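# Breakdown of the fold
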Amino acid sequence: MEVYLDIQNQVASQDIAIVESQQPRRLPLDLQAEIHLPSDRYSIAYRKWLKQQGVTFGTI
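Here the structure is a predicted model, which is why all the values come from computation and not from measurement. (Residues numbered from 1 in each chain as written. Predicted model: local features only at pLDDT ≥ 70, side-chain atom pairs only at ≥ 80, totals over all residues. Heavy atoms only, no water.)

## Details of the overall build of the chain
Of the regular secondary structure elements, the chain holds two helices and zero strands. At 16 Å, the chain has a C-alpha radius of gyration far larger than the 10 Å of a compact globule built from 60 residues. For the chain, the spread of C-alpha atoms along the principal axes amounts to about 45 × 25 × 20 Å. Looking at the chain as shown, the accessible area adds up to about 5500 Å², and 56% of this sits on carbon and sulfur atoms. Distance between charge centres in the chain, computed from 6 positive and 7 negative side chains, equals 17 Å. (Helix = DSSP H or I, 4+ residues; strand = E, 2+ residues; numbered from the N terminus. Rg over C-alpha atoms; globule rule 2.2 N^0.38 Å. Areas by Shrake-Rupley, 256 points an atom, 1.4 Å probe, with all protein chains shown as cover. Lys, Arg positive; Asp, Glu negative; His and termini not counted. Charge placed at Lys NZ, Arg CZ, Asp CG, Glu CD.)

See the structure below:
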């Protein structure tokens with residue numbers, strides 16, 4: 001178990017610098033603007049929810 005946690009911590013620590021360096025871009029709420037895969041279902045649900053909240057472009 002400890003070996004597994006060590007590997008997970010190593011991977012996560014490598015990802016931190018990459019994630020923190022990202023600049024959020026405006027999020028298009030028009031689902032036709034991008035190609036979606038089955039793994040995008042949560043993103044699609046989030047964008048639909050934003051649209052229901054009256055957000056026209058971006059995030060809140």
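Moving on from the coordinates now.
## Brief notes about the packing of aromatic side chains
Across all of its chains, the model carries one aromatic pair by this definition. For the ring pair Tyr46 and Trp49, a centre distance of 6.3 Å and an interplane angle of 20° mean the geometry is stacked. Here Trp49 and Tyr46 lie together in helix α2 (residues 41-52), a separation of three residues that amounts to about one turn. By relative accessible area, which is 39% here, Trp49 ends up partly exposed. (Phe/Tyr/Trp six-rings, centres within 6.5 Å; stacked < 30°, edge-to-face > 60°. Buried < 20%, exposed > 50% of the residue type's maximum accessible area, 1.4 Å probe, protein only.)

## Observations concerning the pattern of salt bridges
One pass over the structure, following the stated rule, counts one salt bridge. As a salt-bridge pair, Glu34 and Arg47 come within 2.6 Å of each other at their nearest N and O atoms. Of this pair, Glu34 sits in the loop between α1 (2-21) and α2 while Arg47 sits in helix α2, and the two are 13 residues apart along the sequence. (Salt bridge = Lys/Arg side-chain N within 4 Å of Asp/Glu carboxyl O.)

## With respect to α1
With 20 residues, α1 extends 29 Å between its outermost C-alpha atoms, agreeing within 8% with the 28 Å of an ideal straight helix rising 1.5 Å per residue. A bend of about 25° at Asp15 is the largest found in α1. (Expected span 1.5 Å × (residues − 1). Bend = angle between axes of the 7 residues up to and from the residue.)

## Here we look at a nonpolar patch on the surface
On the surface, Met1, Tyr4 and Leu5 cluster together into a nonpolar patch covering about 380 Å² of accessible area. Turning to its location among the elements, Tyr4 is positioned in helix α1. (Patch = residues over 30% accessible without salt bridge, like charges linked within 9 Å, V, L, I, M, F, W, Y side chains within 5 Å.)

## Considerations on the side chain of Arg47
Relative accessible area serves as the criterion here: at 8%, Arg47 is assigned to the buried category. For Arg47, the residues in contact, after removing those within four places along its chain, are Leu27, Pro28, Leu29, Leu31, Glu34 and His36. (Contact = heavy atoms within 4.5 Å.)

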